[in-house]
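# Inside the fold
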Amino acid sequence: MKLTKRSSGLMLLASLVFVGTICGIFVDQQRRMRQEFNTLILENLASYSASQRRQFHGIVTDAGHTLKSIAGVLSAVEVSAEEPWLDTYLATMNEGNRYYEIQYSTENEIDQWIQQGAEASTAFWQEVQTQAEVTLGFLQMEDQVYFLIAQPILRQGSHEGALWTRLEASTLPTLAMNSPVFKKVTALVVKPEGTILYSSNVDFPSTGNLLTSLSSLSLPADFIQTMKELLDQPKGEACYFQAEGRQFFYSVSPLAKDWVLINFVQTPDVLIRSDHILNSVLISGVILIAATLLLCLSLVSVLFRKRRQLDLDQQRYTMLAQFLDTILFEYDLNQDKIEFTSNADVHFGQDKRVIRQVSKNPEIKALIHLEDFPPRRRYSLQQLTEMQEQIFTASVGLRVKDGSFRQFACQYKWVFSEGELVKMIGKLTDITGHYSREQQLLKQAQRDVLTQLYNKAGEDAIEAQLKQDPRGILIMADLDNFKEINDRYGHAAGDQVLKAFADILKRLFRSEDILMRTGGDEFIMFIHGLQEPGLGKQKARQILDQVQQLHFESLPDLQLTASLGVARSPGAGTSARALIESADQAMYASKEKGKGNVTDYAEMNENCDK
């Protein structure tokens, strides 16, 4: 009898330990799966917002370029823009354009709009009248909201009118890619202080304030504070919070000018939800535990069901990977083998799902960075904890099954077993289109529109070259009396002179030299890797000779000269900013001597010392 009671007690204790273990496993699995689902949803929302912004920027950029091109034609010809030919021309341009329609308005019409319009439209048209470039604005007319894009038309330095178009804000939600994860996404355009300019959801009035509306909904104070901080400095972040039994996912990113794009999704509008799956898992677990306690045969049953559950989880993750343009992979160090998820077939072909002898495959070695792996040895618990928490990122070009190369973003982590490194797991995301667009936008942002030389971004390029080799020659040039050219002949003539001067620089300097236009008529040239004393002045005099030979048929009496300053590194400075300041001093010393002079900074200081 005692033995029976003792055995029963041990069985009961073992059952309780087992039940506690199973409950702990389910709780931990629930937490992990929810985190994974939330991460996947946030990645989808971020991709959705990025697609929306790209499409919007593409439309605005296209409209701006079109307006600028037409304005350039109107400014150059002598025909009046108010004649009927312009209406016919614009009608032809607008054919087949699904997003916007170009219109022309005279300066008098704009003055009337300013007198009659609301505060927002008045400020926009007043800004148009003071600008020479494309201007963006926002307009609300009755129940409709518009993005405005306008390009002034200048003739002989004065505003004659403006070409403009408008894009209905209601088209903004239609610009994003279709997502299989969301049923409904609420799009908002908000100012940094919270004013709602546009909302695709009637629950957010277009004249309201987002922060005030959120406060009235009794949402968590920390969420409202976070939203306020994100509005002040939008960086393209996606986050989530939980309130009143629901989860809210949102992304905040800059749209254009001082407008912020916010996309909201709440739990009922997410088509793939972790709580439904987790509830079924928990119910199964409860039934399993009850059967274990009653029949004392739960061990085999639990192990069997757990295996089935793991298989089901694997299927879910595989399915989610197919919803996203993301490929998961696992690299086994012991077997020197890498295996991709099934959606890799689309990119790499079925024969490349599993690749062996990875260490001998150059293309795959570039992906997994074998040289970055920690040494194969045992680690302490603290070292393991730190290393397992690290997530590494890389960008790699891989050959796909059609033979071309595509750009992939790679994220990976290390996996340890009994203190030893055994595997690496990660994911690949095809970013070829986004990467190419970013490179193109970066190049555009670094170039002066008129001359195609570097703008202020050229300083970073000079700094990078100086870090490789501290030797270099920097020349600064300023066109003498350039303001008089603009005042006498007009800005079109001034632009012609600037382009001609830029062409001289392109002919005289090497392709690896840095050529910049830093101001209206100021230019910087940097020759990397050389510091011969006479080379800078020699190049500067070549520039002067070429400038003096410039002749323009439309400017027959123009006598163009320039003042130049030369500074050599490291003597005149070891940074781009220091060299520019030294060359600037030398250039102004040239101006004091008279037009068409060159001054070397080192020689100038030697003369001062004497």
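Residues numbered from 1 in each chain as written. Predicted model: local features only at pLDDT ≥ 70, side-chain atom pairs only at ≥ 80, totals over all residues. Heavy atoms only, no water.

## As for the pairing of strand 10 (residues 326–332)
Put simply, the test is: We call a residue buried when its accessible area falls under 20% of the maximum for its residue type, exposed when it is over 50%, and partly exposed in between, using a 1.4 Å probe and counting protein chains only. Strands are runs of DSSP state E lasting at least 2 residues, helices are runs of H or I lasting at least 4, and numbering of each runs from the N terminus. Paired strands, as defined in this entry, are two strands with at least two bridges between them according to DSSP.
For strand 10, a buried count of 5 out of 7 residues is recorded, marking the element as mostly surrounded by other parts of the structure. Where strand 10 meets strand 15 (residues 420–430), 7 bridges bridge the pair, whose relative direction is antiparallel. In the sheet register, L328 faces strand 15, and the bridge partner there is K427. Note that strand 10 and strand 11 (residues 337–340) share 4 bridges and pair antiparallel. What sits directly across from F329, in strand 11, is F340. Two successive antiparallel strands, strand 10 and strand 11, enclose a turn made up of 4 residues, where D336 displays a positive phi of approximately 50°.

## What to know about helix 13 (residues 458–468)
Residues that lie three or four places apart on an α-helix share one face, since the helix turns once every 3.6 residues. Formally: An arc is given here, and it is the one of the directions from the helix axis to the C-beta atoms. Contact criterion: two residues are considered in contact whenever any of their non-hydrogen atoms come within 4.5 Å of each other.
Turning to helix 13, its buried residues are G458, E459, A461, I462, Q465 and L466. The buried residues of helix 13 occupy one face: seen down the axis, they fall within an arc of 160°. Opposite the packed face of helix 13, turned more than 90 degrees from it, sit the exposed residues D460, K467 and Q468. The inward-facing, buried residues of helix 13 abut strand 16 (472–479), strand 17 (514–517), strand 18 (522–528), strand 19 (562–569) and helix 17 (576–593).

## A short note on the packing of aromatic side chains
Let me state the cut-off plainly: Aromatic pairing here means that ring centres of Phe, Tyr or Trp (its six-membered ring) are within 6.5 Å. Orientation follows from the plane angle: under 30 degrees is stacked, over 60 is edge-to-face, and everything else is tilted. Here, over-ring charges are defined by two tests on the NZ atom of lysine or the CZ atom of arginine: distance to the ring centre within 6 Å, and angle to the ring normal within 35 degrees.
Per the stated rule, a full pass over the model turns up 7 aromatic pairs. Considering the side-chain rings of W125 and W164, the 5.9 Å spacing of their centres and the 85° angle between planes classify their relative orientation as edge-to-face. Here W125 is found in helix 4 (residues 119–130), whereas its partner W164 is found in strand 4 (residues 158–168), with 39 residues between them in sequence. Here W125 matches W164 in class, with each residue buried. Their ring planes at 35° and their centres at 6.0 Å tell us that Y250 and F264 sit as a pair that is tilted. Within this pair, whereas Y250 is found in strand 8 (residues 246–256), its partner F264 is found in strand 9 (residues 259–266), the two being separated by 14 residues in sequence. An aromatic cluster of three or more residues is present, and its members are F56, F147 and W259. Taking NZ or CZ as reference, R447 lies 4.1 Å from the ring centre of Y454, over its face. One cation-aromatic arrangement involves K539 over F509; the distance from NZ or CZ to the ring centre is 5.1 Å.

## Quick word on the packing of helix 15 (residues 491–508) against helix 16 (residues 535–548)
Operational definition: For helices, the fitted line uses only the C-alpha atoms of the stretch in contact; every axis is such a line through C-alpha atoms, and the angle between N-to-C directions lies from 0 to 180 degrees. Just so you know how the angles are binned, under 35 degrees is roughly parallel, over 145 roughly antiparallel, 65 to 115 roughly perpendicular, and the rest oblique. By convention the crossing between two helices is left-handed if the near helix lies anticlockwise of the far one by an angle smaller than a right angle, and right-handed if it lies clockwise.
Viewed as axis vectors pointing N to C, helix 15 and helix 16 meet at an angle of 135°, and their least axial separation amounts to 10 Å. Classed by the angle they form, the pair helix 15 and helix 16 counts as oblique. In the crossing of helix 15 with helix 16, the sense of the turn from one axis to the other is right-handed. Here F501, I504, L505, R507 and L508 of helix 15 come into contact with helix 16, specifically with K539, Q542, I543, Q546 and V547.

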